[in-house]
Amino acid sequence: MKSYIGAIDQGTTSTRFMVFDNHARVVAMAQKEHEQIFPAPGWVEHNAEEILRCTHEVIGAALQQRSLQPADLAAIGITNQRETTVVWERKTGRPVTNALCQKRRARSLPREDRLAA
């Protein structure tokens, strides 16, 4: 019987993976920071491939802490940067450009432009 649930928390500065048992207790966790890219004042971007790589790494590290296999997980939940956008190339599955953090970019706009957005 699968008795663990995983959770991916992909945030602005890092990616974390947590494993919970059937009593909702955290039994394993791994976290890895990723690079912040500032192409202009108030703008933040992230390398989408780095985020994917970090996600794979933290999942593997957390599972290894408890000698778990992916098949031991009943489900995985994901929370992410809701205001961040990534455009992917359909044929290759690779990102076209960096992930663009819209919330931070919107804050860098003059007030009248933010109201119109």
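By convention here, each chain's residues receive numbers from 1 onward along its written sequence. It should be noted that, the model being predicted, local features are given only for residues of pLDDT at least 70 and side-chain atom pairs only at 80 or more, the latter also being counted only at that level, while totals for whole chains, interfaces and linings use all residues. Values reported for side chains reflect all heavy atoms of the structure, with hydrogen atoms and water molecules removed beforehand.

Trainee: What exactly am I supposed to notice about the sheet that holds strand β6 (residues 84–85) here?
Mentor: By definition, the strands of a sheet pair up through backbone hydrogen bonds, in either a parallel or an antiparallel sense. The three strands are arranged β4-β7-β6 in an open sheet whose pairing can be described as antiparallel. Strands with a single pairing partner mark the edges of an open sheet, and in this sheet they are β4 (45–46) and β6. Pairing between strands requires that DSSP locate at least two bridges from one strand to the other. Secondary structure elements follow DSSP: runs of H or I no shorter than four residues count as helices, runs of E no shorter than two count as strands, and numbering proceeds from the N terminus.

Trainee: Can you walk me through unusual backbone geometry in this structure?
Mentor: When glycine is set aside, most residues are seen to have a negative phi, and most peptide bonds are trans. Positive phi outside glycine occurs at A24, with the angle close to 65 degrees. One can find A24 in the loop between β2 (14–20) and β3 (26–33). Exposure is judged per residue with a 1.4 Å probe applied to protein chains only, and the accessible area is read against the type maximum: over 50% gives exposed, under 20% gives buried, and values in between give partly exposed. When its relative accessible area of 60% is taken as the criterion, A24 is described as exposed. Here S67, not a glycine, exhibits a phi torsion of approximately 55 degrees, which is positive. Its place among the elements puts S67 in the loop between α1 (48–65) and β5 (73–79).

Trainee: Where do I start with the environment of R25 in this structure?
Mentor: Tracing the sequence through the fold places R25 in the loop between β2 and β3. Residues within four places of R25 in sequence aside, it is in contact with V19 and F20. Here a residue-residue contact requires only that any non-hydrogen atoms of the pair lie within 4.5 Å.

Interpretation note: all reported values are geometric properties and have no functional meaning in isolation.
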